[in-house]
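Each chain, written out:
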Amino acid sequence: MRIGVSGKIFGAYTALAAVFIGSNVLTLVYMHRTRARVEASQALFDVQSEMDAAWRKLNDLNNFSSRTVRRPDPTRPLLFAQSDERLEAALTAIALYANDAPALPSAPNFREFQGQIEVLRAELATAKAGFGAFEASSDENERRTYVSDLTSLTYRLDKLKRLIRRESRRIAAELRADEDAARSLATLLGFGGVVVAVGVALSMLRTLRPLRVLRQQARDVAGGQYERRLAVASRDEIGELSREFDAMATALQERERRLIQSERLATIGRMASQIAHEVRNPLASIGLNAELLVDEVPGKDSEARRLVTAIAKEVDRLSEITESYLRFVRLPQSKKEREDLGALVASVMAFSRAELERSGVRVTLQMQDDLPEVWADESQLRQALLNLVRNAMEAMPGGGTLALRLARTDAGEVALTVADSGPGIPAEMVNKVFDPFFTTKEKGTGLGLALVQQIVTEHGGRIDVNVNGGTSFIVTLPPAPVQAEGVNAPLVEALSATNDVSADRLRHV
């Protein structure tokens, strides 16, 4: 799955936001639970305080009622009123908590406490009503029964008070547990946040690191260093940019190589043209005089006649070399037309068949059907093909096989392969075969393959060499564009040569 830089940044910040939001949510949850428990604990404390005060009042009454010898005390009935006030205050505290406190899953059952307090308060009212009869009664059984009921009321009040105290302790224990859990979760979330932040930082550094390398690579390319490649494996926009930059550097390197070669060829061409021009006229004069001397020297088998004949032959060979230089330097302006490359290859092979048979070279020709036409100068392509055929023939002095193949490439171009069965070219010389004046032949000028490359390049194609046993030269030419009706082909060619507008666009207007 392809994830872009924006997706990575969004994912990173989403992870950080998730940690931050999770931490805040948990904080709010624990704050809510803590608030609920604190309020419950406060309510329990208030209820317990009131219950404890009510119990003390009843306990004083119970102690007084249990005595055998008693002194009348008009303040004793006040203890009932005070106990009732405390129980009423406890009910009020429960009501306030029930109205204001937030929900809590493990909240004490205040409604049950409220019911029990109301029952105790009703019994207290009954005990208060019977206290006067208790003091006036002389029946020991009635007095014992009253004391027993009052003691039972005091006991149940104490029991309820203890139950409320246990609930208060339980809430306190839950608060401590929440504190420990909150501390642990805070530590975990903090550590997780640090891990996520470090991961995001490393991810961003890894994602954006190629930009620094790309900047340095741009400086290197600007300085003419094309060999270094970024080789970024990521599939995001930065990876695509890096691969496009590598392709651009390769194209610039190839273009600079061709430019240097063109400048070198231009310099060599000017020198060769000047030298050939200066040498050609004296050679012509020497050749003419040598021919005149041949006629003047007596004796067909004399040494002097043989020497003059050898001079004439060498002069002819030098003249041919100067003509080769001039043809290379002064390649005429091409006049391109739609050409059938298959028919041109068949014509050249028919022209060279006799020479190839004398050299013991067997020719095979494979041609794919329905090949597109090429936009080319027929005479220049013929010259390039003749140079390749003669180069292959000279590479097989003892005879061999010359295989020609014409086929369409996957890109729709036309590829011509000229393969010989000779000894091949040494690996260290493969990159030099198209250099001017480079040759492995004793009498070669080193301009044949350079001229072929020049012609192919002028036609918008390319030539490659492959050494595998023998030597194969692959000439690849683009197909001729479809010419629209009414479009002038020479005008199209002239305009497209300026690189301002393509021939395809002109022909599809």
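## Points about the overall build of the chain
Working step 1: Each helix and strand in the chain was counted, giving 11 helices and 7 strands.
Working step 2: Among the 509 residues that make up the chain, the fraction classed as buried is 35%.
Working step 3: In the chain, the proportion of contacts linking residues at least 24 apart, taken out of those at least 6 apart, comes to 73%.
Working step 4: For the chain, the accessible surface area stands at approximately 30400 Å², while carbon and sulfur atoms represent 55% of it.

## Focus on a positive patch on the surface
Working step 1: A contiguous patch of positive charge, built from Arg206, Arg209, Arg212, Arg215 and Arg219, is present on the exposed surface.
Working step 2: Relative to the helices and strands, Arg219 resides in helix H4 (residues 140-222).
Working step 3: The exposed category is assigned to Arg219, whose relative accessible area is 52%.

## Remarks on the pairing of strand S5 (residues 414-420)
Working step 1: Of all 7 residues that make up S5, 7 are buried, and the element is covered over most of its length.
Working step 2: The two faces of S5 match: Val414, Leu416, Val418 and Asp420 on one face and Ala415, Thr417 and Ala419 on the other face are all buried.
Working step 3: Sheet topology note: the strand S4 (residues 400-408)/S5 ladder contains 7 bridges and is antiparallel. Residue Arg405 lies in a different strand from S5, and its bridge partner there is Thr417.
Working step 4: In textbook terms, the turn of a hairpin is the stretch between consecutive antiparallel strands, and for S4 and S5 this stretch comprises 5 residues, one of which, Gly412, has a positive phi near 85 degrees.
Working step 5: Judged from the 6 bridges that link them, S5 and strand S7 (residues 470-477) form a sheet pairing that is antiparallel. Looking at S7, one finds that Thr417 is bridged to Ile474.

## With respect to the sheet that holds strand S2 (residues 361-367)
Working step 1: Strand order in this open sheet of 5 strands is S2-S4-S5-S7-S6, and the pairing throughout is mixed. A single partner strand is all that each edge strand has here, and the edge strands are S2 and strand S6 (462-468). In this sheet, neighbouring strand axes are inclined to one another by 15 degrees on average, regardless of whether the strands run parallel or antiparallel.
Working step 2: Its contacts with the sheet place helix H7 (residues 341-358) against S2, S4, S5 and S7, and it is angled at close to 175 degrees to S4.

## Looking at the pattern of salt bridges
Working step 1: Summed over all chains, the structure comprises 16 salt bridges.
Working step 2: The closest approach of N and O atoms between Lys161 and Asp52, which form a salt bridge, is 3.0 Å. One end of the pair, Lys161, is in helix H4; the other, Asp52, is in helix H1 (residues 5-66), and 109 residues separate them in sequence.
Working step 3: Using a relative accessible area of 4% as the deciding quantity, one classes Lys161 as buried.
Working step 4: Between Asp180 and Arg183 there is a salt bridge, with its nearest N and O atoms 3.1 Å apart. On the criterion of helical spacing, the pair formed by Asp180 and Arg183 is a turn pair, its members being 3 residues apart in helix H4.

## Examining the side chain of Glu339
Working step 1: Following the sequence through the fold, Glu339 ends up in strand S1 (residues 337-339).
Working step 2: When residues no more than four places from it in sequence are discounted, the contact partners of Glu339 are Glu373, Val374, Ala376 and Glu378.

## Here we look at the packing of helix H3 (residues 110-136) against H4
Working step 1: Two numbers describe how H3 lies on H4: the axes approach to 10 Å, and their chain directions differ by 155 degrees. In terms of axis orientation, H3 runs roughly antiparallel to H4. Remark: the crossing between H3 and H4 carries left-handed chirality. Contact with H3, carried on its side by Phe113, Gln116, Ile117, Leu120, Glu123, Leu124, Ala127, Gly130, Phe131, Phe134 and Glu135, involves Arg143, Tyr146, Val147, Leu150, Leu153, Arg156, Leu157, Leu160, Leu163, Ile164 and Glu167 of H4 and no other residues of that element.

## Some thoughts on the confidence of the model for the chain
Low-pLDDT stretches of the model should not have their predicted coordinates read in fine detail.
Working step 1: Across the chain, the average pLDDT comes to 76, with 77% of residues at or above 70.
Working step 2: Within the model, pLDDT remains below 50 along residues 484-492, and this stretch shows 9 contacts once partners closer than five positions in the same chain are excluded.
Working step 3: Below pLDDT 50 for its whole length, residues 494-509 participates in 21 contacts with residues either more than four positions away or in separate chains.

## Remarks on the packing of aromatic side chains
Working step 1: Counting across every chain of the model gives 0 aromatic pairs.
Working step 2: Sitting above the plane of the Trp55 ring, Lys161 keeps its charged end 4.0 Å from the centroid.

## Some words on the nonpolar core
Working step 1: Ranked by size, the top nonpolar core spans 38 residues in total, and within it Leu341, Val345, Leu385, Leu388, Leu402, Leu404 and Leu416 carry the most contacts.
Working step 2: Of all the secondary-structure elements, those providing two or more residues to this core are H7, strand S3 (374-376), helix H8 (378-394), S4, S5, helix H9 (448-458) and S7.
Working step 3: If one sorts the elements of this core by residue count, H8 sits on top with 8 residues.
Working step 4: Aside from chain neighbours lying at most four places away, what touches Leu388 is Val418, Leu449, Val452, Ile463, Phe473 and Val475.
Working step 5: Counting 32 residues, the second-largest nonpolar core is a separate cluster that includes Ala43, Leu61, Tyr146 and Leu150.

## Regarding the environment of Leu185
Working step 1: Inspection of the secondary structure puts Leu185 in helix H4.
Working step 2: For the pair Leu185 and Leu26, spaced 159 residues apart in the sequence, the C-alpha separation amounts to 8.3 Å.
Working step 3: Not counting chain neighbours up to four residues away, the residues in contact with Leu185 comprise Leu26 and Tyr30.

## Side note on H4
Working step 1: Across its 83 residues, H4 extends 121 Å between first and last C-alpha, which sits within 8% of the 123 Å expected from 1.5 Å per residue.
Working step 2: Taken as a whole, H4 carries its principal kink of about 35 degrees at Thr207; the proline Pro210 stands between one and four residues after it.
Working step 3: Gly224, located one to two residues past H4, shows a positive phi value of around 95 degrees.

The rules we used
Residues numbered from 1 in each chain as written. Predicted model: local features only at pLDDT ≥ 70, side-chain atom pairs only at ≥ 80, totals over all residues. Heavy atoms only, no water. Helix = DSSP H or I, 4+ residues; strand = E, 2+ residues; numbered from the N terminus. Buried < 20%, exposed > 50% of the residue type's maximum accessible area, 1.4 Å probe, protein only. Contact = heavy atoms within 4.5 Å. Areas by Shrake-Rupley, 256 points an atom, 1.4 Å probe, with all protein chains shown as cover. Patch = residues over 30% accessible without salt bridge, like charges linked within 9 Å, V, L, I, M, F, W, Y side chains within 5 Å. Salt bridge = Lys/Arg side-chain N within 4 Å of Asp/Glu carboxyl O. Lys, Arg positive; Asp, Glu negative; His and termini not counted. Charge placed at Lys NZ, Arg CZ, Asp CG, Glu CD. Pairing = 2+ DSSP bridges. Axes fitted to C-alpha atoms, helices over the stretch in contact; angles between N-to-C directions. Parallel < 35°, antiparallel > 145°, perpendicular 65-115°, else oblique. Left-handed = near helix turned anticlockwise from the far one by under 90°. pLDDT = per-residue confidence, 0-100. Phe/Tyr/Trp six-rings, centres within 6.5 Å; stacked < 30°, edge-to-face > 60°. Lys NZ or Arg CZ within 6 Å of the ring centre and 35° of its normal. Core = buried A, V, L, I, M, F, W, Y, C linked by side-chain atoms within 4.5 Å. Expected span 1.5 Å × (residues − 1). Bend = angle between axes of the 7 residues up to and from the residue.

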